[in-house]
Amino acid sequence: MSVMSSSSEPPNETTDSRRPNRSGWLTIPAPLARLFKKFPLLTYPPNELPARSPSTRDVSTLYVFISDQDALKGLPSFNPSCLKWQTFLKLAGVDFQVVSSTNHASPTGALPFLIPPSSPVASVTHTPIPSNKLEQYAAENGTSQVPDVPSLKLEAYESLLDYRIRNAWLYSLYLSRSNSALLSHLYVTPFSNSQVVRTTILSQLRHAAEAEILRSMGTPTVESRALYEGAREAFEALSTVLGTSDWFFETSEPSLFDATVFAYTHLLLDERMAWEDQTLTEMAKEFPNLVEHRDRILQRCWGSKG
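Notes on the structure in this doc start here. Just so you know, these numbers come straight off a predicted model, no measurement behind them. (Residues numbered from 1 in each chain as written. Predicted model: local features only at pLDDT ≥ 70, side-chain atom pairs only at ≥ 80, totals over all residues. Heavy atoms only, no water.)

1. Remarks on helix 6 (residues 180–187)
Then, in step 1: Among the eight residues in helix 6, six count as buried, and that is most of the element.
Then, in step 2: Along helix 6, the residues classified as buried are Ser180, Leu182, Leu183, Ser184, Leu186 and Tyr187.
Then, in step 3: Buried residues along helix 6 sit against helix 5 (151–175) and helix 7 (195–217). (Buried < 20%, exposed > 50% of the residue type's maximum accessible area, 1.4 Å probe, protein only. Helix = DSSP H or I, 4+ residues; strand = E, 2+ residues; numbered from the N terminus. Contact = heavy atoms within 4.5 Å.)

2. A few points about the sheet that holds strand 3 (residues 113–115)
Then, in step 1: On the basis of which strands lie adjacent, the open sheet formed by four strands has the order 2-1-3-4 and mixed pairing. Pairing within the sheet leaves two strands with one partner each, and these edge strands are strand 2 (96–100) and strand 4 (129–130).
Then, in step 2: As paired elements, strand 3 and strand 4 share two bridges and run antiparallel to each other. Residue pairing across strands places Phe113 opposite Pro130, the latter belonging to strand 4.
Then, in step 3: Of the strands in this sheet, strand 1 (60–64), strand 2 and strand 3 are in contact with helix 3 (residues 80–91), which crosses strand 2 at around 165°. (Pairing = 2+ DSSP bridges. Axes fitted to C-alpha atoms, helices over the stretch in contact; angles between N-to-C directions.)

3. With respect to the packing of helix 3 against helix 11 (residues 288–302)
Then, in step 1: The N-to-C vectors of helix 3 and helix 11 enclose an angle of 60°; their axes lie 10 Å apart at closest approach. For helix 3 against helix 11, the interelement crossing comes out left-handed. Taken together, the residues of helix 11 that come into contact with helix 3 (itself represented by Leu83, Gln86, Thr87, Lys90 and Leu91) are Ile297, Arg300, Cys301 and Trp302.
Then, in step 2: Across the contact of helix 3 with helix 11, the residue classes tally to five nonpolar, two polar and two charged. (Left-handed = near helix turned anticlockwise from the far one by under 90°. Nonpolar A, V, L, I, M, F, W, Y, C, P; charged D, E, K, R; others polar.)

4. What to know about unusual backbone geometry
Then, in step 1: Cis geometry is found at the peptide bond from Leu111 to Pro112, where omega equals 0°.
Then, in step 2: A positive phi angle, near 60°, is found at Phe249, a position not held by glycine.
Then, in step 3: Within the element layout of this structure, Phe249 appears in the loop between helix 8 (224–242) and helix 9 (256–269).
Then, in step 4: A relative accessible area of 13% places Phe249 in the buried class.

Below you can see the structure in the form of structure tokens.
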């Protein structure tokens, strides 16, 4: 699972109008220059699509964290970021299939990403569509119009999801030892039979989750009590703003924000997740309107399959 990304890039120093001083201290020594001439540096193209990618796609293909069995059934992803967009595309009426993948197999370096439909006779190679462009893709290719929510309303409540609830999620799944079996089942066991490799992956996942939590909270140590208290306050605020409405911000139909909330509440309430440490699950259950909201979206998007 990719738990942190950055869109910032360093300045392109090669565009500086000042020509470098070839006689300066950066001059490559002659022996090394001769070596580069014999073995020039290569720039590799972007990663190829996963080997399991269908060569012919009558519909769009969304690559997400999901088991192969659940992908064949079109069930929800077990990853909140993937489930958010999987749900949104369904709400927007986009016809698509899901395929199991990983961040390492993604041409964009992160999941989810989408490949538009193609055919054997088409000569055009479609560029993978990253998650930050899926909203635009849905607007152009979906059959249902998803309502927009004014940005001023969204900012404060999105931060509750992006920080308070996400941080508590990361702690519960990655750092709570009671949920070690669940973490291994989702992100470790499917990728290697080697115990050494599994131990390494598990350690890397926990380190990455801890690092993101510390960056987000600005504290030297991870404090589970503070994380859970923050999550409870966030759920309470979400429950208040939802009120007695079917959808957040009293929209006529569910929006992207509804899909984002669902991505967490569904995975916390889904019995198939088999949480051992149910702190967050019990917390979500304290707010019946959030539970009912989850049930409405689950029924709308997956019906009896969900």
